[in-house]
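Structural features, examined
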Amino acid sequence: GVKIIWLMPVFPISEKNRKAKGDLMVHDIKDPKEREKYLGSYYAVADYQGVNPEFGTEQDLQNLIKTAHENDMYVILDWVANHSGWDNWWIEKHPEYYTKNEKGEIIHPAGTVWTDTADLNYDNKDLWNAMASAMIYWVDNYNIDGFRCDVAHEVPTEFWNYAVQGIRDVKPVFMLAESEEKSLFDYAFDMGYNWEGHHLMNEMAQGKKPLTEWDAYMDRVAADYQEDDILMNFITNHDENSWNGTVKERMGDASELMLVFNYMIPGMPLIYSGQEYGLDHRLKFFEKDQIPHERGRVWELMEKLGTLKNTHPAL
């Protein structure tokens, strides 16, 4: 019953300051064979208008989007507007797009461990034009259907409103914010992450919170959000799986119950790659890793839930 494919960043990944493991960068690892294992973070974008050759060619991406459209499905791209990789050509050609310290050096996003990225400075309106143009490029040239925007609340809402207006002049798009910031929903975004609901589901599964907490949460959602705002519900995603544990680790015997709950509550459910195969492994974030491909109980349950979600009037 899936209708939207969200591709995590398809862009080339920066080589400079590429992450390996722990606090290590790839350049800290002396053994060239060992160094090859580390792909870095796909959120360290080297080129906003390029395709990572590890995934295939531009034509491969065009074929994927065309095939999705032929099957009445939409494709949205993951967009990283808050920061770029250190190899991004903007650093050399447009250093004025970046945040600098008192010595005039470009810095990584303050208060984060994202040392493999360079912080973009939205005080500069020329950056607004450059970033919005890069987004429009994918709609114009690849006919993509929207964007999932990384840490959307770290970028001014005014920028998103400006960019989305330009994009929607080309075609209507679907916008997902990795955020619950209410102002983002006023114009630019259709859907946001249900982080609060997700953490509450974990705590209920662990017996730390009673169901009455969920009732109170739903009352807050009804009061805080507008009628047409959508929340994306999930029991796992790429951050949760890698950093906080698999569904089984976090939800234990309540995993299946919480999956069903995830489909029953208002909003749109997310299926994270591998989840449908019962993924019970923390995928390595900066290394090449593999999801299982054997269909079992979770696959069968998700087929039933997808049919219910798409066909039952109450859902």
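Each remark here, short or long, concerns the structure printed above.
Small disclaimer: the values here were computed from a predicted structure and weren't measured.

Things to note about the overall build of the chain
- Scanning the chain from N- to C-terminus turns up 11 helices and 9 strands.
- On C-alpha atoms alone, the chain measures out to a radius of gyration of 20 Å, which is about the 20 Å that the 2.2 N^0.38 rule sets for 315 residues.
- Taken along its principal axes, the extent of the C-alpha atoms in the chain is 55 × 50 × 40 Å.
- A burial count over the chain gives 48% of its 315 residues as buried.
- Expressed as a percentage of contacts within the chain between residues at least 6 apart in sequence, the contacts between residues at least 24 apart total 71%.
- Of the accessible surface of the chain, which amounts to about 16,000 Å², a share of 51% is contributed by carbon and sulfur atoms.
- Across the chain, the centroid of the 30 positively charged side chains sits 5 Å from that of the 54 negatively charged ones.

Thoughts on the pairing of strand 2 (residues 74-79)
- Most of strand 2 sits inside the fold, with 5 of its 6 residues counted as buried.
- When strand 1 (residues 4-7) meets strand 2, the two strands line up parallel, connected through 4 bridges. Across the sheet, the residue bridging to Trp-6 is Ile-76, located in strand 2.
- Relative to strand 5 (residues 146-149), strand 2 runs parallel, the two sharing 3 bridges.

Some words on helix 7 (residues 211-224)
- The end-to-end C-alpha distance of helix 7 is 20 Å, a good match for the 20 Å that 14 residues give at a rise of 1.5 Å each.
- What helix 7 keeps buried is the set Trp-214, Tyr-217 and Val-221. Projection of helix 7 onto a plane perpendicular to its axis shows the buried side chains occupying an angular sector of 60°, all on one side. Away from its buried face by more than 90 degrees, helix 7 exposes Thr-212, Asp-219, Ala-222 and Ala-223.
- Where helix 7 is buried, its residues touch helix 6 (195-205), strand 8 (230-233) and helix 10 (255-264).

Overview of the packing of aromatic side chains
- The full count for this structure, using the stated rule, is 29 aromatic pairs.
- The rings of Phe-11, Tyr-48, Trp-79, Trp-89, Trp-90, Tyr-97, Tyr-137, Trp-138, Tyr-142 and Phe-147 are connected pair by pair, giving a single aromatic cluster.
- In this structure, Lys-125 is placed above the aromatic ring of Trp-128, and the distance from its NZ or CZ to the ring centre is 4.6 Å.
- For Arg-168, the ring lying beneath its charged end belongs to Tyr-187, and the centroid distance is 5.7 Å.

Brief notes about the nonpolar core
- Among the nonpolar cores identified, the biggest contains 54 residues, and Trp-79, Met-131, Trp-138, Phe-147 and Trp-160 are the most heavily contacted of them.
- When contributions to this core are tallied by element, the ones reaching two or more residues are helix 2 (58-70), strand 2, helix 3 (89-93), helix 4 (125-142), strand 5, helix 5 (157-170) and strand 6 (174-177).
- The residues touching Trp-79, leaving out its near neighbours within four places in the chain, are Phe-11, Tyr-48, Met-131, Ala-134, Met-135, Trp-138, Phe-147, Arg-148, Cys-149 and Asp-150.
- Residues Leu-231, Val-247, Leu-301 and Met-302 belong to the second largest nonpolar core, which totals 21 residues.

Points about the environment of Leu-270
- Along the chain, Leu-270 turns up in the loop between strand 9 (268-269) and helix 11 (297-311).
- Separated by 74 residues in sequence, Leu-270 and Glu-196 place their C-alpha atoms 15 Å apart.
- Beyond its immediate chain neighbours, meaning those up to four positions away, Leu-270 contacts Trp-6, Met-232, Asn-233, Phe-234, Thr-236, Asn-237, Asn-262 and Gln-275.

Considerations on the environment of Gly-85
- Positionally, Gly-85 belongs in strand 3 (residues 83-85).
- The exposure class of Gly-85 is buried, given its relative accessible area of 0%.
- On a C-alpha basis, the gap between Gly-85 and Arg-18 in space is 8.6 Å, while along the polypeptide they are 67 residues apart.
- Once you skip the residues sitting within four places of it in the chain, Gly-85 turns out to touch Ser-14, Ala-44, Val-45, Ile-91 and Asp-116.

Quick look at the pairing of strand 5
- Covered by surrounding structure in strand 5 are Gly-146 and Arg-148 together with Phe-147 and Cys-149, the residues of both alternating faces.
- Where strand 5 lies against strand 6, 4 bridges are found, and the strand directions are parallel. Residue pairing in the sheet places Arg-148 in a bridge with Leu-176 of strand 6.
- In terms of handedness, the path from strand 5 via helix 5 over to strand 6 forms a crossover that is right-handed.

Concerning the environment of Glu-180
- One can find Glu-180 in the loop between strand 6 and strand 7 (191-193).
- On the basis of relative accessible area, Glu-180 is assigned to the partly exposed category, the value being 23%.
- Considering only alpha carbons, one finds Glu-180 and Glu-196, 16 residues apart in sequence, at a separation of 8.5 Å.
- In contact with Glu-180, other than residues within four places in its own chain, are Phe-185, Tyr-193, Asn-194, Trp-195, Glu-196 and Tyr-225.
- Engagement of the side chain of Glu-180 in a polar contact is seen with the backbone nitrogen of Glu-196, the distance being 2.9 Å.

The rules behind these values
Residues numbered from 1 in each chain as written. Predicted model: local features only at pLDDT ≥ 70, side-chain atom pairs only at ≥ 80, totals over all residues. Heavy atoms only, no water. Helix = DSSP H or I, 4+ residues; strand = E, 2+ residues; numbered from the N terminus. Rg over C-alpha atoms; globule rule 2.2 N^0.38 Å. Buried < 20%, exposed > 50% of the residue type's maximum accessible area, 1.4 Å probe, protein only. Contact = heavy atoms within 4.5 Å. Areas by Shrake-Rupley, 256 points an atom, 1.4 Å probe, with all protein chains shown as cover. Lys, Arg positive; Asp, Glu negative; His and termini not counted. Charge placed at Lys NZ, Arg CZ, Asp CG, Glu CD. Pairing = 2+ DSSP bridges. Expected span 1.5 Å × (residues − 1). Arc of directions from axis to C-beta. Phe/Tyr/Trp six-rings, centres within 6.5 Å; stacked < 30°, edge-to-face > 60°. Lys NZ or Arg CZ within 6 Å of the ring centre and 35° of its normal. Core = buried A, V, L, I, M, F, W, Y, C linked by side-chain atoms within 4.5 Å. Right-handed = clockwise from strand over helix to strand, strands pointing away. Polar contact = N/O pair within 3.5 Å; in protein donor to acceptor, adjacent residues only side chain to side chain.

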